[in-house]
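# Tertiary structure, described
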Amino acid sequence: MTLKEAETERISIIIPVLNEVGTIKEALASTYSSTNVEAIAVDGGSTDGTVGLVQSLGVKVLSAPAGRACQMNAGAMAATGEILLFLHADTRLPPGFDTMVRTALQPSMPGGRKAPVAGAFALQIDAALRRLWLIEWGVNWRSRFLQMPYGDQAIFLKAKTFYQMGGFPELPIMEDFELMRRLKRTGRIALIPTPVVTSARRWLKKGVLQTTLINQMVILAYLLNVSPKQLVRWYRHQPKLTPNHWFRSTPDPKSASITPLSTELGEETKSSKREIVHPDWV
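Just so you know, these numbers come straight off a predicted model, no measurement behind them.

Our next topic: the nonpolar core. Core analysis: the biggest nonpolar cluster contains 38 residues, and Leu84, Phe86, Phe162, Met174, Leu183 and Leu231 have the highest contact counts within it. Put simply, the parts of the chain that give this core at least two residues each are strand S2 (37-43), helix H4 (68-78), strand S4 (83-86), helix H7 (159-164), helix H8 (175-186), helix H10 (208-223) and helix H11 (228-236). Of all the elements, H10 adds the most residues to this core, at 5 residues. In contact with Phe162, other than residues within four places in its own chain, are Asn73, Ala76, Leu84, Phe86, Leu157, Gly167, Phe168 and Leu179. Counting 34 residues, the second largest nonpolar core, distinct from the first, contains Ala27, Ala39, Ile192 and Val208.

So, on to the pattern of salt bridges. Using the criterion set out here, one finds 9 salt bridges in the structure. Arg201 serves as the salt-bridge partner of Glu20, at 2.7 Å between the closest nitrogen and oxygen. Taken as a pair, Glu20 in the loop between strand S1 (11-17) and helix H2 (24-29) and Arg201 in helix H9 (residues 201-206) lie far apart in primary sequence, 181 residues in all. On the accessibility criterion, Glu20 (8% relative accessible area) is buried. According to the relative accessible area criterion, Arg201 is partly exposed, its value standing at 32%. One salt bridge connects Asp126 with Arg92, and the closest N-O pair in it is separated by 3.5 Å. Taken together, the residues span a long stretch of sequence, with Asp126 in the loop between strand S6 (118-125) and helix H6 (130-145) and Arg92 in strand S5 (residues 91-92) at a distance of 34 residues. Owing to a relative accessible area of 25%, Arg92 belongs among the partly exposed residues under this scheme. Linked through salt bridges whose partners overlap, the residues forming this network are Glu20, Asp90 and Arg201.

With that settled, the discussion passes to the environment of Asn19. Within the secondary structure, Asn19 is located in the loop between S1 and H2. Overall, Asn19 belongs to the partly exposed group, its relative accessible area being 22%. It is 8.5 Å that separates the C-alpha atoms of Asn19 and Asp43, two residues lying 24 residues apart in sequence.

Another aspect to go through is the pairing of strand S8 (residues 189-198). In terms of burial, S8 is largely enclosed, as 7 of its 10 residues are buried. With 2 bridges connecting them, S5 and S8 associate as antiparallel partners. Across the sheet, Arg92 pairs through a bridge with Val197, a residue of S8. Here S6 runs beside S8; their pairing, made up of 8 bridges, is parallel. Among the inter-strand pairings, Ala120 is bridged to a residue of S8, identified as Leu191.

Let's shift gears to the side chain of Thr50. Tracing the backbone shows Thr50 in helix H3 (residues 50-56). Side chain to side chain, Thr50 and Asp48 meet in a polar contact 2.6 Å long. Excluding residues that lie within four positions of it along the chain, Thr50 makes contacts with Val17, Asn19, Glu20, Val21 and Ile24.

Quick notes on the rules
- Residues numbered from 1 in each chain as written.
- Predicted model: local features only at pLDDT ≥ 70, side-chain atom pairs only at ≥ 80, totals over all residues.
- Heavy atoms only, no water.
- Core = buried A, V, L, I, M, F, W, Y, C linked by side-chain atoms within 4.5 Å.
- Buried < 20%, exposed > 50% of the residue type's maximum accessible area, 1.4 Å probe, protein only.
- Helix = DSSP H or I, 4+ residues; strand = E, 2+ residues; numbered from the N terminus.
- Contact = heavy atoms within 4.5 Å.
- Salt bridge = Lys/Arg side-chain N within 4 Å of Asp/Glu carboxyl O.
- Pairing = 2+ DSSP bridges.
- Polar contact = N/O pair within 3.5 Å; in protein donor to acceptor, adjacent residues only side chain to side chain.

Treat this as a map of the structure, not an account of what it does.
Here it is in structure tokens:
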């Protein structure tokens, strides 16, 4: 492929949605001032008018079982672009993102380093709290030096690379973390210093410190081979958890009435009363 061809590669933006009527319009608006880009929303069973709103904006909407991994994989299968970009519904891309993405995936110079296997943007959280500035610094440091950006940073990569990696592992949680671990083993991850802007809603809902500690505990438990299904149960019932719960091999007896995960996910597709686990891993 020539440099000119690379500069005009089509970018497919895949946005998993579930009851995002209050955020999706701004996310989509951030994609408009771009060249040779398509947007695909993949709905996991919204009941709040998200699908109608997206369709009214002229954007293609697909349906898939609720859960980011399933939804993003379904979007990738329908995408026509040579580059895939996965955008959270509460995140906005910066102006000129399309040029930045195409440039980031090219080799640094003739005879220089190989092109990255994937990339992401720096992160900015949409709230003026000093504690969140520290979160932003930590995310951007981790992404640059540990080569581990997460899903809220608009991960992008060539479609052929995505298929070679087998797509997102269809886990109920940690799908972005696991994909980046696999990609990191095969090559370099580029970080675009211009940030995407993501909603602060998850941090504001439960508090910056509590949200960050819970996310880090989930990551640690995952690295210690705790089942993703177990992690979902813990994450959903986190207000009742003590540190001992995170590292037990079975649920606490007081929580023994938890419905099996497959049933929970099926119910979530039909109802907005339960929230699919879409944490911010920071």
